[in-house]
Amino acid sequence: MEYYLVKWKGWPDSTNTWEPLQNLKCPLLLQQFSNDKHNYLSQVKKRKAITLKENHRALKPAVAEYIVKKAKQRIALQRWQDELNRRKTHKGMIFVENTVDLEGPPSDFYYINEYKPAPGISLVNEATFGCSCTDCFFEKCCPAEAGVLLAYNKNQQIKIPPGTPIYECNSRCQCGPDCPNRIVQKGTQYSLCIFRTSNGCGWGVKTLVKIKRMSFVMEYVGEVITSEEAERRGQLYDNKGITYLFDLDYESDEFTVDAARYGNVSHFVNHSCDPNLQVFNVFIDNLDTRLPRIALFSTRTINAGEELTFDYQMKGSGDVSSDSIDHSPAKKRARTVCKCGAVTCRGYLN
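Quantities reported herein were computed from a predicted structural model and do not represent experimental measurements.

Let us now look at the overall build of the protein. When helices and strands are tallied, the protein shows four helices and 17 strands. In the protein, which comprises 350 residues, the proportion classed as buried is 45%. In the protein, of all internal contacts separated by at least 6 residues, the share reaching a separation of at least 24 is 66%. Of the roughly 19000 Å² of accessible surface on the protein, a fraction of 51% belongs to carbon and sulfur atoms.

Below is the structure:
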């Protein structure tokens, strides 16, 4: 008869018991147990390139250790997923998935929904004027006041070229929440999954639903710091091989967004030289041109299950920076090999 070592929920390991299969009323856990065992043995076979004979009397210690670690990882990732969904303020759900390795939740990452100003930096999130339109799609609205075109069409898709700023209606406008010029401020509407990539790129983000072309997907948020502080942190990040600095260079180069410790789902979006997301500068309640919000829009139709990517060298102006140290949103000083796999891959992230 087969016996399984059971860890009882809410009880310490000292109370674990061996139970026959007939006592276990947990088909999902048993399926996960079987899958984890199979996956581990498959990995060992690939590494050793030989056929292994499984001991049916007892699991080998290495197999048992892997299954326990995988179970603990699954619990930790579920708790992290629950925490992310408690903290988010947007409609789209966040899921977490790792079928690649034993990596758990990041230990020093805090989910935020909007910019977090560093000490000494003030973000004025209150507009000084707003529109009085009854239909912002046809009347002279906030974009016209700023000297630009309305960014969206009737299908809520962006219609302006990259490099053109987006001016949305703000808290002083008399239009309601269904105004066609309120898109980015509503947050991510799609359910997304933070997943472990199998190509060595760490965590990535994929969409769980189909996204139409030219649609708003997410904002890039983080800690707003000065460019001088960004230069200092960039030296530290280079040593760790991480890239989360995004220059706010719409009109000047005074500030940078650092999403290393504070950020949202965009923290986990990987680079591609042929991305499916495009960067746009957005102004809503804060009209300071030194501090635009960064929005990512789809460049084409993105199918469910497809990974989301943007070009780390893409500037808010829509151009690709040639000087990544001073102008790239992904500030780097050491050459980093690109793993995007695109036909047009430049070979390096910087």
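Summarising the element assignment, Asp311 is placed in the segment after strand 17 (309-310). Polar side-chain contacts of Asp311 include one of 2.9 Å to the backbone nitrogen of Gln313. A distance of 2.9 Å separates the side chain of Asp311 from the side chain of Arg346, its partner in a polar contact.

The subject of this paragraph is the nonpolar core. Grouped together as the largest cluster of nonpolar side chains are 51 residues, with contacts concentrated most on Leu308 and Phe310. What Leu308 contacts, discounting residues up to four positions off in sequence, is Leu192, Val205, Lys206, Thr207, Ile211, Val217, Met218, Val269, Asn270, Asn276, Leu277 and Ile302. Counting residues in each nonpolar core, the second largest holds 14 residues, with Ile158, Ile160, Met214 and Phe280 among its members.

Time to look at the sheet that holds strand 5 (residues 116-117). Pairing within the open sheet is mixed, and its four strands lie in the order 5-10-12-11. The sheet is open, and its two edges are formed by strand 5 and strand 11 (245-248), each paired on a single side. The sheet contacts of helix 4 (residues 227-240) involve strand 10 (223-226), strand 11 and strand 12 (255-258), and relative to strand 10 the element is tilted by about 105°.

Positive phi is not limited to glycine here, since Gln156 has a value of about 65°. Assignment of secondary structure puts Gln156 in the loop between helix 3 (142-145) and strand 6 (166-167).

A few words now on the pattern of salt bridges. Under the criterion given, the structure shown has 16 salt bridges. Where Arg87 meets Glu83, a salt bridge forms, and the shortest distance between an N and an O atom there is 3.1 Å. Taken together, the residues span about one helical turn, with Arg87 and Glu83 both in helix 2 (residues 61-87) at a distance of four residues. Looking at Arg87, the relative accessible area reads 44%, which means it is partly exposed. In this structure Glu83 comes out as partly exposed when scored by relative accessible area, which is 30%. Glu223 serves as the salt-bridge partner of Arg233, at 2.9 Å between the closest nitrogen and oxygen. Of this pair, Arg233 sits in helix 4 while Glu223 is found in strand 10, placing the two residues 10 residues apart along the sequence. The buried category is assigned to Glu223, whose relative accessible area is 12%. One salt-bridge network, in which partners are shared between bridges, spans Glu223, Glu229, Arg232, Arg233 and Asp258.

Rules used throughout
- Residues numbered from 1 in each chain as written.
- Predicted model: local features only at pLDDT ≥ 70, side-chain atom pairs only at ≥ 80, totals over all residues.
- Heavy atoms only, no water.
- Helix = DSSP H or I, 4+ residues; strand = E, 2+ residues; numbered from the N terminus.
- Buried < 20%, exposed > 50% of the residue type's maximum accessible area, 1.4 Å probe, protein only.
- Contact = heavy atoms within 4.5 Å.
- Areas by Shrake-Rupley, 256 points an atom, 1.4 Å probe, with all protein chains shown as cover.
- Polar contact = N/O pair within 3.5 Å; in protein donor to acceptor, adjacent residues only side chain to side chain.
- Core = buried A, V, L, I, M, F, W, Y, C linked by side-chain atoms within 4.5 Å.
- Pairing = 2+ DSSP bridges.
- Axes fitted to C-alpha atoms, helices over the stretch in contact; angles between N-to-C directions.
- Salt bridge = Lys/Arg side-chain N within 4 Å of Asp/Glu carboxyl O.

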